[in-house]
Amino acid sequence: MLSSEAEIETAEWTDGSDVTKKRKQDAVAGVHDHQNGVEAHFVAPATPAQLELNSDNQSSEQKDSGTEIAKCLGPCCNEETILYQTREEALLAQTVIIYGSGRNKRERSFQASWFSNWKKALEKFADHERCQAHKEACIKFNAIMKQKSVDEQLKLVAQKEQIERRQMFLTLLSSLRYLLRQGLAVRGHGDDSEGNLSQLLKARAEDSIALQKWIKTGSYQSPEVLNELTNTIGAEVLREVLNGIKSSRWFSIIGDETRDISNSEQLSISIRWVDKDYSIHEDFIGMFKVPKTDAETLSLAIEDVLVRCVLPISQCRGQAYDGASNMAGPKSGVAARILQRQPTAIPVHCLCHCINLCLQDVSRKCKCIRDALDLVYELVGLIKYSPKREHLFTQYQLQDSPNIHRLKPLCPTRWTCRTGSINAVIENYAVLQQTLEEIAETCRDEYGRKAAGFQALMGKFSTFFGLKLAHVVFGASEQLSTTLQSKDTTAQDARLAVNLCKAFYDRQRDASAFQIFYQAVLLEANGKTEPPTLPRYSNPPKRINDGDANFRFATAEHYHRREYFEIMESLSGELDARFDQKGFHLAALVEATILDNCSGKSYPIPKEVQDLYSKDLNIDRLQTQLSMLPDLVKSYVLEGKQITK
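Residues numbered from 1 in each chain as written. Predicted model: local features only at pLDDT ≥ 70, side-chain atom pairs only at ≥ 80, totals over all residues. Heavy atoms only, no water.

*Asks:* Before we go on, may I ask you to explain the overall build of the protein in this structure?
*Replies:* Helices and strands together make up the secondary structure of the protein, namely 27 helices and eight strands. For the protein, long-range pairs separated by at least 24 residues make up 64% of all intrachain contacts whose partners lie at least 6 apart in sequence. Carbon and sulfur atoms form 52% of the exposed surface of the protein, whose accessible area is close to 37900 Å². (Helix = DSSP H or I, 4+ residues; strand = E, 2+ residues; numbered from the N terminus. Contact = heavy atoms within 4.5 Å. Areas by Shrake-Rupley, 256 points an atom, 1.4 Å probe, with all protein chains shown as cover.)

And the structure:
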């Protein structure tokens, strides 16, 4: 029992809930009655331990009386607020007074006056608990105690809205991540409501009313916010990629510059690395705008990217760029500048790009190859870019030979993939002549005039000879490119494929090989073209005549012989120049050392490898491990494990 308002404030209440606050207010009300001349004490609905709280000036009789009353009240004390008057030793049911409405004298016994009939206290208390006024008061009291305050209700509503908005925001993030993962545009043209993100959210909102309401608010859907979220997701992805690269320690740089649609130079940088399971990864780091494409600017840009990614250049062990002078220049190119800072960063030019450059240079030098490629490009464009002309070509093709290949456009970048296009024109040579003749007769526009010109050009033997020669040249290079692009190709396989291709071209540089090729072309061109003839010669002015113009070929065969050998010699020289790389030689040397020791051939580590990696490896320990490598391979074979190259 508490007898003063100060003691009520300092008492240890069970918690800070609204029910406890209500009990505290009722206790203060009881003390006010005491201050008005009525000596009353508050017996709160609580445990017996809380009922024993009392002030220092309370007598032991008052303490005992309050405890005894609580024990007598039993369950009633847990639901009602009871006022106990110590002077008259009487009780008053305050809960019934506030919330109840007594209908008779028995129900108003604890409501209208103080109860003091202690002889029948237990009987009256039990009777009071069964009365309707007590039950009604308890129901109303409990209902009010369970009701939250306005402040707490506002907090609950705010928390609920916060949870819903967080879920909707996560839905937006997952939708945005899906579009970014698939490489799709986020926004539409002009109206963002028709963009991919908006339509995806609307599709997902069909099963969520909360998402429908949230979309209408337009939260987190402005271009600025979406760009910020995109940058954040990209930074997180890049962070995960860089963690994998740092765990592998060593890495190589792959760089290339290009011009985008806005006419700005962009430097593309990728990192190649190997994980602990010896799986190769090539991860794109980003596109970086550069003001110039000179070697100094590009090398500084690459170093800046490595610093920002916390990738020390001292751990770089390889470089791969194109063959341009600013990238692969032997003295001041990007590769040479980085090689000066890190001698173990071996530069290797992409082998597939090398064969592309070989074919490109040969095609520019040799007129018959250049004219053949131009003819294929123009013919395919004339036929395939018009449904009417393509239908006409298909009809002639079905009549002549339905099993031959259809026309294929020339690949603009991958020169080694042009064999199929050239072969399709050769197989459909007669069909194309019929189609061009029909187009020239029926069309009175520029396409009719083009068709007439192509028909006249295809009637010449030199055109058919150029197509057949281009097919031979590009066919061998395509096989080389296929081998180089295989993911299982080793450095030794690549070197062997290059040597085989060079041997093929060298074998064609023979008079007997030319005779076989020329006679085959003559036989196939019979009935399709005119007989071979010499080109028309012109007499240049004397002031620019250096003497070569006076030379005349005796026959058309001699003229085509010169073209044939000129192409084969150019190809052989280009292959020697493009594939003779010091970096590729070192990589092949390291691979050969490991594979030879795997087969049981104990070879010492080459001196070039020792000098290059002396700071990275313990050479003596490596030599010991190489000598034990055959036993390790045998154990893996016995255990049924796969040995990779």
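What follows picks up the thread again.
*Asks:* Would you explain the nonpolar core in this entry?
*Replies:* Within soluble globular proteins, side chains that are nonpolar generally end up buried alongside one another. In terms of nonpolar packing, the biggest core is built from 68 residues, with Ile369, Leu467, Leu469, Phe474, Ile567 and Phe579 touching the most fellow members. Top contributing element to this core by residue count: helix 21 (residues 461-485), with eleven residues. Among all residues touching Ile369, those that are not within four sequence positions of it are Ser363, Gly466, Leu469, Ala470, Phe474 and Ile567. The next biggest cluster of nonpolar side chains, apart from the first, holds 26 residues, and it includes Ile269, Ala295, Val305 and Val334. (Core = buried A, V, L, I, M, F, W, Y, C linked by side-chain atoms within 4.5 Å. Buried < 20%, exposed > 50% of the residue type's maximum accessible area, 1.4 Å probe, protein only.)

*Asks:* I'm lost on the packing of aromatic side chains in this one. Help?
*Replies:* Where two aromatic rings form a pair, the distance of their centres and the angle of their planes describe that pair. Applying the stated criterion across every chain yields a total of 14 aromatic pairs. Members of the aromatic cluster, each reached through a chain of ring pairs, are Phe461, Phe465, Phe514, Phe517, Tyr518, Tyr564 and Phe565. The positively charged end of Arg389 is found above the aromatic ring belonging to Tyr447, 4.4 Å away from the centroid. (Phe/Tyr/Trp six-rings, centres within 6.5 Å; stacked < 30°, edge-to-face > 60°. Lys NZ or Arg CZ within 6 Å of the ring centre and 35° of its normal.)

*Asks:* Explanation requested: unusual backbone geometry in the structure shown.
*Replies:* Note on backbone geometry: most residues besides glycine have negative phi, and most peptide bonds are trans. A positive phi angle, near 65 degrees, is found at Tyr278, a position not held by glycine. By the secondary structure assignment, Tyr278 is in the loop between strand 5 (265-274) and strand 6 (280-289).

*Asks:* Looking at this structure, I do not really get the packing of helix 8 (residues 150-182) against helix 10 (residues 209-217). What am I missing?
*Replies:* When two helices pack together, their arrangement is captured by the angle between the axes and the distance separating the axes. Running from N to C, helix 8 and helix 10 point in directions that differ by 80 degrees, and their axes come no closer than 10 Å. Looking at the two axes, helix 8 sits roughly perpendicular to helix 10. Contacts between helix 8 and helix 10 involve Arg165, Met168, Phe169, Thr171 and Leu172 from the first element and Ala210, Leu211 and Trp214 from the second. Residues belonging to the contact of helix 8 with helix 10 are distributed by class as follows: six nonpolar, one polar and one charged. (Axes fitted to C-alpha atoms, helices over the stretch in contact; angles between N-to-C directions. Parallel < 35°, antiparallel > 145°, perpendicular 65-115°, else oblique. Nonpolar A, V, L, I, M, F, W, Y, C, P; charged D, E, K, R; others polar.)

*Asks:* Which parts of the structure should I look at to understand the pairing of strand 4 (residues 251-259)?
*Replies:* Remark: a regular strand shows side chains that alternate across the two faces of the sheet. The pairing of strand 4 with strand 7 (residues 316-320) spans four bridges and is parallel. Note that in strand 7 the partner of Ile253 across the bridge is Gln319. For strand 4 and strand 5, the ladder comprises eight bridges, and the chain directions are antiparallel. By the bridge assignment, Gly255 is partnered in strand 5 with Ile269. Between strand 4 and the antiparallel strand that follows it, strand 5, lie five residues; Asn263 among them carries a positive phi value of about 65 degrees. (Pairing = 2+ DSSP bridges.)

*Asks:* Teacher, can you tell me more about helix 12 (residues 295-308) here?
*Replies:* Residues separated by three or four positions in an α-helix point in the same direction, a consequence of the helix having 3.6 residues per turn. When the terminal C-alpha atoms of helix 12 are compared, their 20 Å separation across 14 residues agrees well with the 20 Å that a helix rising 1.5 Å per residue should span. Residues of helix 12 that are buried in the fold lie against strand 4, strand 5, strand 6, helix 13 (325-328) and helix 14 (334-341). Val310 occupies a position one or two residues after helix 12 and carries a positive phi of about 55 degrees. (Expected span 1.5 Å × (residues − 1).)

*Asks:* How should the sheet that holds strand 4 be read in this particular structure?
*Replies:* Across a sheet, paired strands are connected by hydrogen bonds in the backbone, their directions being either parallel or antiparallel. Read across the open sheet, the five strands follow the order 6-5-4-7-8; overall the sheet is mixed. A strand with exactly one partner marks an edge of an open sheet, and here the two such strands are strand 6 and strand 8 (346-347). Summarising the sheet, strand 7 and strand 8 pair through two bridges and their orientation is parallel. The partner of Gly318 across the bridge, within strand 8, is Ile346. Those strands touched by helix 11 (residues 223-248) are strand 4, strand 5 and strand 6, and its axis lies near 45 degrees from that of strand 5. Across the sheet, helix 12 touches strand 4, strand 5 and strand 6, and the angle it forms with strand 5 is around 50 degrees.

*Asks:* Help me understand the pattern of salt bridges, please; the structure alone is not making it clear to me.
*Replies:* Pairing of side chains with opposite charge becomes possible as their charged atoms draw close. Taken as a whole, this structure holds 17 salt bridges when the rule is applied. Here Asp616 makes a salt bridge to Arg317, at a shortest N to O gap of 2.9 Å. Note that Asp616 is positioned in the loop between helix 26 (607-612) and helix 27 (619-638) and Arg317 in strand 7, a separation of 299 residues in sequence. Looking at Arg317, the relative accessible area reads 14%, which means it is buried. What emerges from the salt-bridge pattern is a single network uniting Asp361, Lys365, Glu574 and Arg578. (Salt bridge = Lys/Arg side-chain N within 4 Å of Asp/Glu carboxyl O.)

*Asks:* Whenever I open this one, helix 14 confuses me. Can you help?
*Replies:* Along helix 14, the positions that sit buried rather than exposed are Val334, Ala335, Ala336 and Ile338. Buried positions along helix 14 lie against helix 12, strand 7, helix 13 and strand 8.

*Asks:* I'm lost on the packing of helix 15 (residues 351-365) against helix 16 (residues 367-384) in this one. Help?
*Replies:* Helix 16 packs onto helix 15 with a crossing angle of 105 degrees between their chain directions and a minimal axis gap of 5 Å. Taken together, the axes of helix 15 and helix 16 are roughly perpendicular relative to one another. Residues Ser363, Arg364 and Lys365 of helix 15 lie in contact with helix 16, whose contacting residues are Lys367, Ile369, Arg370 and Leu373. A breakdown of the residues in the contact of helix 15 with helix 16 according to their chemical character gives two nonpolar, one polar and four charged.

*Asks:* How do you make sense of the side chain of Asp361 when you look at a structure like this?
*Replies:* Following the sequence through the fold, Asp361 ends up in helix 15. Not counting residues within four places of it along the chain, the set of residues in contact with Asp361 comprises Glu574 and Arg578.

*Asks:* Just to check I follow, could you spell out the pairing of strand 5 for this structure?
*Replies:* Summarising burial for strand 5: seven of the ten residues are buried, a large majority. Note: strand 5 against strand 6, nine bridges, orientation antiparallel. Its bridge partner lying in strand 6, Ser268 is registered against Met287. What sits between strand 5 and strand 6 in their antiparallel hairpin is a turn of five residues, with Tyr278 showing a positive phi close to 65 degrees.

*Asks:* Even after reading the chapter, I still don't get the confidence of the model for the protein, so can you show me in this structure?
*Replies:* Keep in mind that low pLDDT regions are not for reading the predicted coordinates in detail. Within the protein, residue pLDDT values average 78, and 78% of them lie at 70 or more. Residue range residues 1-24 is modelled with pLDDT below 50. Its contacts to residues more than four positions away, or to other chains, number 64 contacts. This model gives residues 26-80 a pLDDT under 50, and the stretch forms 117 contacts once residues within four places in sequence are excluded. (pLDDT = per-residue confidence, 0-100.)

*Asks:* Help me understand the state of the cysteines, please; the structure alone is not making it clear to me.
*Replies:* Disulfide: a covalent bond formed between the sulfur atoms of two cysteine residues. What the rule picks out here adds up to zero disulfides. The structure places no disulfide on Cys354, whose sulfur is separated from the nearest cysteine sulfur, that of Cys358, by 6.8 Å. (Disulfide = S-S within 2.5 Å.)

*Asks:* Where do I start with the environment of Asp260 in this structure?
*Replies:* Within the secondary structure layout, Asp260 lies in the loop between strand 4 and strand 5. Using a relative accessible area of 27% as the deciding quantity, one classes Asp260 as partly exposed. Within the local environment of Asp260, its side chain forms a polar contact with the backbone nitrogen of Ser264, the two atoms lying 2.8 Å apart. Looking at Asp260, its side chain comes within polar contact range of the side chain of Gln266, at 3.1 Å. (Polar contact = N/O pair within 3.5 Å; in protein donor to acceptor, adjacent residues only side chain to side chain.)

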